[in-house]
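Below, each chain spelled out in residue letters.
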Amino acid sequence: MILIDGKTTAKKVFDKIKTETENLEKKPAIAVIIVGNDPASKIYVNRKHKKAKEVGINSLVIEFDENISQEELESKINELNNDDSINAILVQLPLPKHLNTYRIIEKILPIKDVDGFHPENAGKINIGIEAYAAPCTPLGVMTLLDEYKINPEGKHAVIIGRSNIVSKPLASMLLSKNATVTICHSKTQNLKEIASTADILVVATGKANIVTSDYVKQGAVVIDVGISRDKDGKIHGDVDFDNVAEKTSYITPVPGGVGAMTIAMLMQNTLRLYKIQRGQK
Ligand code: GUN
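Residues numbered from 1 in each chain as written. Predicted model: local features only at pLDDT ≥ 70, side-chain atom pairs only at ≥ 80, totals over all residues. Heavy atoms only, no water.

### A closer look at the sheet that holds strand E2 (residues 29-35)
Phase 1 of the analysis: Strand order in the open sheet formed by three strands is E3-E2-E4, with parallel pairing between adjacent strands. Each edge of the sheet is formed by a strand with only one pairing partner; in this case those strands are strand E3 (58-64) and strand E4 (88-91). The mean inter-strand angle of the sheet, taken between neighbouring strand axes irrespective of direction, is 15°.
Phase 2 of the analysis: Relative to E4, E2 runs parallel, the two sharing four bridges. Directly across from Val 32, in E4, lies its bridge partner Leu 90. (Pairing = 2+ DSSP bridges. Helix = DSSP H or I, 4+ residues; strand = E, 2+ residues; numbered from the N terminus. Axes fitted to C-alpha atoms, helices over the stretch in contact; angles between N-to-C directions.)

Next comes the structure, spelled out in C-alpha cells:
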C-alpha cells in the first residue's frame with residue numbers, strides 16, 4: 001500500500017506559484033465572499049486568505065451579514081466583475097437558505113470564476129474542453145492521480161456521491177481521461193457490490209467511515225474526499241482507513257490527502273485566471 005501524500009504534493013504546487021508570483025510586478029488577486037457565521041466556512045476562508053498571502057497572491061475577504069439580500073450580493077459581484085484589480089471571485093458555499101445559490105454563481109464572470117462553478121465553465125468541463133477554471137477539489141484529485149502516475153484510462157472509477165462541487169465534475173474529468181465511470185449515491189441499490197468492482201474508488205459523501213473493507217476490491221486505489229468531525233472533535237474521512245488501507249494499492253489519508261490539495265488548486269486557478277486575463281495563456 002502506498003500512501004498518497006496530499007501535503008507534499010500541495011507544497012510543490014505552492015512553491016511553484018510562489019516562484020512565479022515573485023517575478024510579477026502586479027500580483028494576482030482573489031476576492032472571497034463569505035455570508036453569515038458558519039464556523040467551518042470561516043475556518044476555510046481564513047485558511048485561503050493566509051495561504052494566498054504566503055504564495056504572493058493578494059486576497060480580499062468580503063464579509064456579509066447572514067441577512068444580506070439577493071440583490072445586494074449580486075450587486076457586489078457585479079462590482080467585482082468590473083474591478084480590474086480583481087482576477088478571481090469565490091463565493092463560499094453553502095449560502096443561507098433565502099439566497100438563490102445558482103443565480104449568484106451565474107452572476108460571476110466566467111473568466112473570474114475561480115471555482116469553475118459557473119454554468120459556462122461547468123458545461124465546458126462536461127463537454128471535455130478546457131474551462132477558464134475547473135473546480136478545486138476534483139482538480140486536486142486528478143492532480144494526485146497524475147502525481148502518483150495512476151492512469152485512469154480503461155479503469156472502472158466508482159464515485160460515491162453526486163454533488164455539483166465534487167462528484168459531477170470529477171466524473172467528467174475521469175471520463176475525459178478514458179475511465180469507465182459509475183456514480184453512486186444514497187439511493188443506489190447494491191452500493192457495496194458496485195463499489196467493490198472499482199479499480200479507483202472515490203468517496204465524497206461527508207459520512208464518516210461509511211466505506212469499510214467489504215466495499216473495496218483488493219489492490220484498488222481509494223480516494224477519500226470526505227472530512228467530518230465527531231463530537232470529540234476527532235477528524236474522520238468517509239473511508240474507515242485502518243480497516244481498508246491494507247487492501248488498497250494507493251490510498252489518501254484524512255487529513256493530509258485530498259483536503260490538503262484544495263487550496264493549492266484554488267491558488268493555481270487564481271494565477272491561471274490572472275494569466276488568461278492578461279493574454280498570457
Ligand atoms: N464549500 C465547500 N467547498 C467549497 C468550494 O470548493 N468552493 C466554495 N466556494 N465553497 C465551498
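### Points about the site of the ligand
Phase 1 of the analysis: Close contacts around the ligand come from Leu 90, Val 91, Gln 92, Leu 93, Asp 115 and Phe 117, and that covers them all.
Phase 2 of the analysis: Within the backbone of Val 91, a nitrogen or oxygen atom sits 2.8 Å from a nitrogen atom of the ligand.
Phase 3 of the analysis: In this structure, a nitrogen atom belonging to the ligand sits 2.9 Å away from a main-chain N or O atom of Leu 93. (Near = heavy atom within 4 Å. Polar contact = N/O pair within 3.5 Å; in protein donor to acceptor, adjacent residues only side chain to side chain.)

### A short note on the pairing of strand E6 (residues 180-184)
Phase 1 of the analysis: Alignment of strand E5 (residues 156-160) against E6, held across five bridges, turns out to be parallel. Residue pairing for E6: His 156 is matched across the bridge by Thr 180.
Phase 2 of the analysis: Remark: the E5/helix H7 (residues 167-176)/E6 crossover connection has right-handed handedness. (Right-handed = clockwise from strand over helix to strand, strands pointing away.)

### Quick look at the packing of helix H6 (residues 136-147) against helix H10 (residues 258-277)
The description of two packed helices rests on the angle between their axes and on the distance between the axes.
Phase 1 of the analysis: The contact between H6 and H10 brings their axes to 8 Å, and the two run at 105°. The pairing of H6 with H10 is recorded here as roughly perpendicular in orientation. Listed contacts from H10 to Cys 136, Thr 137, Leu 139, Gly 140, Val 141, Thr 143 and Leu 144 of H6 are Val 258, Met 261, Thr 262, Met 265, Leu 266, Gln 268 and Asn 269.
Phase 2 of the analysis: Grouping the amino acids of the contact of H6 with H10 by side-chain chemistry returns eight nonpolar, six polar and no charged. (Parallel < 35°, antiparallel > 145°, perpendicular 65-115°, else oblique. Contact = heavy atoms within 4.5 Å. Nonpolar A, V, L, I, M, F, W, Y, C, P; charged D, E, K, R; others polar.)

### Topic: the pattern of salt bridges
Phase 1 of the analysis: Taken as a whole, this structure holds 13 salt bridges when the rule is applied.
Phase 2 of the analysis: Its salt-bridge partner being Lys 275, residue Glu 20 comes within 2.8 Å of it at the nearest N-O pair. Taken together, the residues Glu 20 in helix H1 (residues 6-22) and Lys 275 in helix H10 connect sequence positions 255 residues apart.
Phase 3 of the analysis: Across the salt bridge formed by Glu 120 and Lys 124, the nearest N and O atoms sit 3.4 Å from each other. Taken together, the residues Glu 120 and Lys 124, both in helix H5 (residues 119-127) and four residues apart, mark about one turn of the helix.
Phase 4 of the analysis: We classify Glu 120 as partly exposed; its relative accessible area is 34%.
Phase 5 of the analysis: Connected through salt bridges with shared partners, the residues Lys 16, Glu 20 and Lys 275 form a single ionic network. (Salt bridge = Lys/Arg side-chain N within 4 Å of Asp/Glu carboxyl O. Buried < 20%, exposed > 50% of the residue type's maximum accessible area, 1.4 Å probe, protein only.)

### Section: the sheet that holds strand E1 (residues 2-3)
Phase 1 of the analysis: Read across the open sheet, the six strands follow the order E1-E11-E8-E7-E5-E6; overall the sheet is parallel. This sheet does not close on itself; its edge strands, each paired only once, are E1 and E6.
Phase 2 of the analysis: Pairing analysis gives two bridges linking E1 to strand E11 (residues 250-251), with the strands arranged parallel. Note that in E11 the partner of Ile 2 across the bridge is Tyr 250.

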